[in-house]
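# Survey of secondary and tertiary structure
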Amino acid sequence: MDFGVEFVPESLVDEVVEKVKVADKTNFDYVWITDHYNNRNVYAVLTKIAEETEKINLGPGVTNPYTIEPAQTASAIATISELSNGRAVLGIGPGDKTTLDSLGLEWDKPLTRTREAIEIINRLLSGEKVATENMEKHDLNGAELNFEPEEEIPVFIGAQGPNMLKMAGKNGDGVLINASHPKDFDYAVGQIEKGIQEAGRDKEAVEIVAYTSFSVAEDMESAKEAAVPPVAFIVAGVPDVVLDRHDISSEKAGEIGEALGEGDFGTAFGLVTDEMIDAFALYGTPEECVERIESLKDRGVTQIVAGSPIGPDKKESMKVISDKIMLVF
């Protein structure tokens, strides 16, 4: 089992880098930096991380093919690979509709656009000159990089819906799944395996990544309390089919979303129930987290990403993960 950690570059770059350096020294395998236009630029942050770490694999978690063209992504991630001595990984997905709306971009055919982007990126990284006459959403006419990464760059696909999960099984080196509960992986892994089978691939060739809302502390209540804000945002944004899977009222989810939209965070967080936290966060004492991770491992998960909040104190929680959780696996 590999372990990763996610950071949102909403704070000063140096502050993000200092946290990643803790992850590097405490033997995390991956760091994923989120890519949104309204935060620090993901590749600028990854550059600084590449220069100041030694072992940890690093990449965007995740970028998208709407705000950045695939050729630009290929060039950027190849540069990060060079700067990090081959530690780069690429996380890519269909993007966030709300964010794209705010930029005036239409979220059209996300599966097709993502699948085509991955093909373009892989071909460019392998040194090909790429023309896209047969593609629907991208139009390249002999694009080519002037350099080629020395190391292969794995592509992890962010996926949630059934068709995107199957596509990821066909085309990805790994699949990043925004979920924390075994029920979600019972469903997701089944869809991924359909894609793997249709492509005639080896199941072992595709990593299954639980991109969790993670919160660990020596005191369970502290861990639980820290998980409330991210869970509120998750509940407000997941489809009704996911809420139904966990017997969570879509009406209650709507009330949380409405409060968040109005900036009334106190009300929103106060509406989060224990059932919501259990469904959408992996939290508790180190021993409780180990038990939850074992359940995900049984369902085929090969990497746990500790996403927001990580714990009441991010640096301390990373040390707890390293000292008391990683060693079990």
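Note that the structure is a prediction, hence the values are computed from the model and not measured.

## A closer look at the UniProt feature "domain: Luciferase-like" (unreviewed entry) in the protein
Taking the numbering used here, the UniProt-annotated feature "domain: Luciferase-like" (unreviewed entry) corresponds to residues 13-303. Taken end to end, residues 13-303 has its terminal C-alpha atoms 26 Å apart, with 52% of it in helix and 13% in strand.

## Brief notes about a nonpolar patch on the surface
A contiguous nonpolar patch, built from Tyr-37, Leu-103 and Leu-105 and spanning about 270 Å² of accessible area, is present on the exposed surface. If you trace the backbone, Tyr-37 turns up in the loop between strand S2 (30-33) and helix H2 (42-52). Of the residues examined, Tyr-37 reaches a relative accessible area of 51% and is grouped as exposed.

## Topic: a negative patch on the surface
Judged by side-chain charge, Glu-287, Glu-288, Glu-291, Glu-294 and Asp-298 come together as a negatively charged surface patch. Its place among the elements puts Glu-288 in helix H13 (residues 286-298). For Glu-288, a relative accessible area of 33% gives the class partly exposed.

## Side note on the packing of helix H8 (residues 220-237) against helix H10 (residues 250-261)
The geometry of a pair of packed helices is captured by two quantities: the angle between their axes and the separation between those axes. Remark: H8 packs on H10, axes separated minimally by 8 Å, with the N-to-C direction vectors making an angle of 115°. Viewed along their axes, H8 and H10 adopt a mutual orientation that is roughly perpendicular. H8 and H10 meet at a crossing whose hand is left-handed. Contacts between H8 and H10 involve Ala-232, Phe-233, Val-235 and Ala-236 from the first element and Ala-253, Ile-256, Gly-257 and Leu-260 from the second.

The rules behind each value
The written sequence of each chain sets the order in which its residues are numbered from 1. It should be noted that, the model being predicted, local features are given only for residues of pLDDT at least 70 and side-chain atom pairs only at 80 or more, the latter also being counted only at that level, while totals for whole chains, interfaces and linings use all residues. The side-chain numbers reported here are obtained from all heavy atoms of the structure, hydrogens and water having been left aside. UniProt positions are given in the numbering used here, feature names are shortened, and annotations may be inferred rather than shown by experiment. Think of it this way: any DSSP run of H or I at least four residues long counts as a helix, any run of E at least two long counts as a strand, and we number them from the N terminus. Two joining distances apply to patches: 9 Å for like charges and 5 Å for nonpolar side chains (Val, Leu, Ile, Met, Phe, Trp, Tyr), and every residue must have over 30% relative accessible area and no salt bridge. Accessible surface area values rest on a Shrake-Rupley calculation with a 1.4 Å probe, where residue burial reflects the displayed protein chains alone. The rule for a salt bridge is simple: a side-chain nitrogen of Lys or Arg has to be within 4 Å of a carboxyl oxygen of Asp or Glu. Each residue is assigned to one of three classes by its accessible area relative to the maximum for its type, calculated with a 1.4 Å probe on protein chains only: buried under 20%, partly exposed between the two thresholds, exposed over 50%. Neither His nor the chain termini are counted; the positive set is Lys and Arg, and the negative set is Asp and Glu. Taken as the charge centre is NZ of Lys, CZ of Arg, CG of Asp or CD of Glu, depending on the residue. Here an angle of 0 to 180 degrees is reported between the N-to-C directions of two axes, which are lines fitted to C-alpha atoms, with helices fitted over the stretch in contact. Angles are sorted into four bins: roughly parallel if under 35 degrees, roughly antiparallel if over 145, roughly perpendicular if 65 to 115, and oblique for all others. Put simply, a crossing is left-handed when the front helix is turned counterclockwise from the back one by less than a right angle, and right-handed when it is turned clockwise. We call two residues in contact when some of their heavy atoms are within 4.5 Å.

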